[in-house]
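# Observations on chain architecture
The lines below spell out each chain.
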Amino acid sequence: MRKHSITRIAATRIAIAGIAAASLTTAVTIGSGQASADGFPNGPYCHGPVQVMAESAVSQVVICPVQGPTGWAYSGKAKTTGNWIDVWGATQNSLGFHATNDGYTYHVHRDRLMITAPNGSVVSSEPWTYYYQR
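Note that the structure is predicted; figures quoted are calculated from it, not measured.

Let us now look at the state of the cysteines. Throughout the structure, instances matching the rule amount to one disulfide. Note that Cys46 is cross-linked by a disulfide to Cys64, the S-S spacing being 1.8 Å. Linking Cys46 and Cys64, the disulfide has an S-S dihedral of approximately -85° and is accordingly described as left-handed. One end of the pair, Cys46, is in the loop between α1 (2–30) and β1 (52–56); the other, Cys64, is in strand β2 (residues 59–65), and 18 residues separate them in sequence. For the pair formed by Cys46 and Cys64, the shared burial category is buried.

Here it is, written out as structure tokens:
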């Protein structure tokens, strides 16, 4: 009788450990914010497949393929204020994607979002908590 109780306890512990491991794997895969295939729920979104989807502690960003001279669009949202910006004509180089609006440039690098002012000074440098690139 005691042997069956120990077996049931061991089986329960294994099942709980499996569920915890599956939850941990899901959390690591998703990152800090859950994202759909084409963008963030209630955030920046592409009408087709995203090229880049990234999130920092204060921003959400997607880079979308579009028709036009550069072939890229930038869409970003400040999570702190809810303000949005959409910029057609984003460019790409070896460092990442770059979009300019009213003199401010949004640099989407693999490790961070860097925003520079018209005079070149860094306004914000935000490490990504989630980054996906096709």
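Take Lys77: it is sitting in strand β3 (residues 72–78). For the buried Lys77, no salt bridge exists, and the shortest N-O distance to an oppositely charged side chain is 8.8 Å, to Glu55. Beyond its immediate sequence surroundings of up to four residues, Lys77 is in contact with Asn42, Gly43, Pro44, Val58, Ser59, Gln60, Gly82, Asn83 and Trp84.

Cut-offs applied
- Residues numbered from 1 in each chain as written.
- Predicted model: local features only at pLDDT ≥ 70, side-chain atom pairs only at ≥ 80, totals over all residues.
- Heavy atoms only, no water.
- Disulfide = S-S within 2.5 Å.
- Helix = DSSP H or I, 4+ residues; strand = E, 2+ residues; numbered from the N terminus.
- Buried < 20%, exposed > 50% of the residue type's maximum accessible area, 1.4 Å probe, protein only.
- Lys, Arg positive; Asp, Glu negative; His and termini not counted.
- Salt bridge = Lys/Arg side-chain N within 4 Å of Asp/Glu carboxyl O.
- Contact = heavy atoms within 4.5 Å.

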